[in-house]
Amino acid sequence: MTVIKDNTVWEYTRAGRLSGTISQAHRAIPEPGPGELVIKVRAAALNPVDEQLYVAVAPHASILTDSAQAPPTFLNLTGCTPPTPTTPLVPGIDFAGVVHASKSAAYAVGDQVYGQRFSPAGHGFLAEYVTVHASAPFVKKPKELSWAEAAAVPLVYTTVYDALVEWGRLPFLTGGGRGLSVLVLGGSSGTGHVAVQLAKKMGCNVVATCSGKNAQMVKDLGADDIIDYTTQHVPQAALMSQYAPYAVVLDCVGGTALLPHLDHLLLNSAEHPQLGIYVTIVGDKTSRDAMGGAATNLYTPAQVVRTALGRLNDYLPRWTRTWTGRRYACIMLDPTKEKLETYDKFLTAGGKVMVDGVWGFDEAREAYKRLESARAKGKVVVEVSKE
Ligand SMILES: NC(=O)c1ccc[n+]([C@@H]2O[C@H](COP(=O)([O-])OP(=O)(O)OC[C@H]3O[C@@H](n4cnc5c(N)ncnc54)[C@H](OP(=O)(O)O)[C@@H]3O)[C@@H](O)[C@H]2O)c1
């Protein structure tokens, strides 16, 4: 029997940055297994972690020389055993699309959905048709969002939600943040610009770092005070701001510059003993190519110690902070349907995930080039199909 290969995908098959190494291939349209759906992808958003998986992790997993025959080493170190990829890897975590086939009672053919799946095994969304399990972190797409706008949301929004609400303990969109301050490092980035808006909409004063050229944009998103990281000393300016100390410092850039100053940067008040945390989604590293988030614990012992003490401080009374330091967390994306569903409220409150640009499916390499530039303002999106 001849298999019709009319599922065009972008595959990663050799060493190097994705802008130069992905190539198109044709595969069969997949069939859903029990509890699964096949999504016809309309748009996919790109993320730095796409690159990190392939630039930082894959070389150590012999994927580069052996066409994706080995699972990524770092995951084995964490104790997980991902399935060994048998075909070249398809990148792409965020998607918006239409249910094309369903073996789940929860979703019908034609449903418009959006969500994410982090797949080191290479089952990404730079493909026309992708299988997902109905339990994966995706939900029905809000009607107000275009396909590109919807694809831009899941990873950055759920990460910021985790950082500010789950770890930061700020009350989600109740206005309960009034009188509290949040410092966002990287206010123009895909994650940072969402954090600026969410913190503001929760009632907080927001201070954000960005370059001068993006200052107005970040102010328009809700920042009360801007620190231009290209001309100012960030720790000094953050400490001197009228809005210091901060209930949450959210680091979307990486590095250690602010860590020696946590005693003065973070709120430590009897009125809000539960607040005052440094949350980083990147870790101590500054290279955009290195795997970030909690994965950095694997090669940064100082961060492991800081993380352990940071967690301990979740449970200890406030007066012990003189000796044990401050709450600190280096977090890894932990998406759920429930978290993504809260996006509707953010949208109703006037929040948005900005799209830096939309590239056609055939221009995916150009889109990765934009992501690799580290200059995107908001999300880089690929329109996978027009219908
Ligand atoms: N742990 C997790 O679960 C998780 C989840 C999402 C993202 N991340 C990580 O978070 C980082 C950011 O991701 P992203 O998608 O938000 O990145 P992005 O949008 O690609 O970042 C580009 C933006 O960062 C700004 N920027 C670059 N260097 C800066 C600096 N030193 N200070 C302030 N702003 C700076 C750039 O503005 P200028 O042009 O003005 O420089 C640009 O707007 C990445 O390392 C990513 O892997 C981790």
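Residues numbered from 1 in each chain as written. Predicted model: local features only at pLDDT ≥ 70, side-chain atom pairs only at ≥ 80, totals over all residues. Heavy atoms only, no water.

Caption draft 1: Highlighting the packing of aromatic side chains. The final tally for this structure, using the stated rule, is 10 aromatic pairs. Between Phe95 and Phe125, the aromatic rings sit 4.2 Å apart at their centres with planes inclined by 15°, giving stacked as the arrangement. Taken together, the positions of Phe95 in strand S4 (residues 94-102) and Phe125 in the loop between strand S5 (112-116) and strand S6 (129-133) put the pair 30 residues apart, joining distant regions of the chain. Centre to centre, the rings of Tyr157 and Phe346 are 5.5 Å apart; their planes meet at 35°, and the pair counts as tilted. One end of the pair, Tyr157, is in helix H5 (residues 154-167); the other, Phe346, is in helix H13 (residues 343-348), with 189 residues separating them in the sequence. Members of the aromatic cluster, joined through ring pairs, are Tyr157, Tyr161, Phe172, Tyr343 and Phe346. Above the ring of Tyr328, the side-chain terminus of Arg306 is found at 5.0 Å from the ring centroid. The ring centre of Phe138 lies 4.0 Å from the NZ or CZ of Lys337, which sits over that ring. (Phe/Tyr/Trp six-rings, centres within 6.5 Å; stacked < 30°, edge-to-face > 60°. Helix = DSSP H or I, 4+ residues; strand = E, 2+ residues; numbered from the N terminus. Lys NZ or Arg CZ within 6 Å of the ring centre and 35° of its normal.)

Caption draft 2: Main features of a negative patch on the surface. Together, Glu144, Glu338, Glu341 and Asp344 make up a negatively charged patch on the protein surface. Mapping Glu341 onto the fold places it in helix H12 (residues 337-341). (Patch = residues over 30% accessible without salt bridge, like charges linked within 9 Å, V, L, I, M, F, W, Y side chains within 5 Å. Areas by Shrake-Rupley, 256 points an atom, 1.4 Å probe, with all protein chains shown as cover. Salt bridge = Lys/Arg side-chain N within 4 Å of Asp/Glu carboxyl O. Lys, Arg positive; Asp, Glu negative; His and termini not counted. Charge placed at Lys NZ, Arg CZ, Asp CG, Glu CD.)

Caption draft 3: Examining the site of the ligand more closely. Close contacts around the ligand come from 26 residues, with Thr191, Ser211, Tyr229, Leu333 and Arg375 the closest. In the environment of the ligand, an oxygen atom lies 2.3 Å from a nitrogen or oxygen atom belonging to the side chain of Ser211. For the ligand, whose accessible area on its own is 940 Å², the fraction buried by protein is 90%. Contributing elements (two or more residues each) for the shell around the ligand: helix H2 (48-57) and H5. Both domains that meet at the shell around the ligand, namely domain 1 (7-153 + 353-383) and domain 2 (155-330), each give it at least three residues. (Near = heavy atom within 4 Å. Polar contact = N/O pair within 3.5 Å; in protein donor to acceptor, adjacent residues only side chain to side chain. Domains from an automatic or database assignment.)

Caption draft 4: Local environment of the sheet that holds strand S12 (residues 277-280). In spatial order, the strands read S10-S9-S8-S11-S12-S13; together these 6 strands make up an open sheet with parallel pairing. Strands with a single pairing partner mark the edges of an open sheet, and in this sheet they are strand S10 (225-228) and strand S13 (327-330). Taking each pair of neighbouring strands and ignoring which way they run, the sheet shows an average axis angle of 15°. Both S12 and S13 contribute to a ladder of 4 bridges, which runs parallel. (Pairing = 2+ DSSP bridges. Axes fitted to C-alpha atoms, helices over the stretch in contact; angles between N-to-C directions.)

Caption draft 5: View of the pairing of S5. In terms of burial, S5 is largely enclosed, as 4 of its 5 residues are buried. As paired strands, S5 and strand S7 (residues 138-140) are joined by 3 bridges and run antiparallel to one another. Counted as the bridge partner of Gly115 is Phe138 from S7. (Buried < 20%, exposed > 50% of the residue type's maximum accessible area, 1.4 Å probe, protein only.)

Caption draft 6: View of the pattern of salt bridges. This model, assessed by the stated rule, comprises 14 salt bridges. Arg27 is the salt-bridge partner of Glu11, the closest N and O atoms lying 3.0 Å from each other. Note that Glu11 is positioned in strand S1 (residues 7-12) and Arg27 in strand S2 (residues 22-27), a separation of 16 residues in sequence. Look at Glu11 and you get buried, because its relative accessible area is 11%. The class for Arg27 is partly exposed, based on a relative accessible area of 23%.

Caption draft 7: Region of interest: the domain arrangement of the protein. The domain boundaries assigned to the protein delineate domain 1 (7-153 + 353-383) and domain 2 (155-330). Domain 1 puts 27 residues into the contact, and the matching count from domain 2 is 22 residues. Between domain 1 and domain 2 the total buried area reaches about 1800 Å² when both faces are included, carbon and sulfur atoms providing 60% of it. Contact with domain 2 buries area across many residues of domain 1, yet Gln52, Met354 and Lys377 alone supply 25% of it, more than any other trio. Where domain 1 touches domain 2, the interface holds 1 salt bridge. Looking at the side of domain 1 that touches domain 2, the elements with two or more residues in it are H2 and helix H3 (73-77). (Contact = heavy atoms within 4.5 Å. Buried area = accessible area lost by both parts, 1.4 Å probe.)

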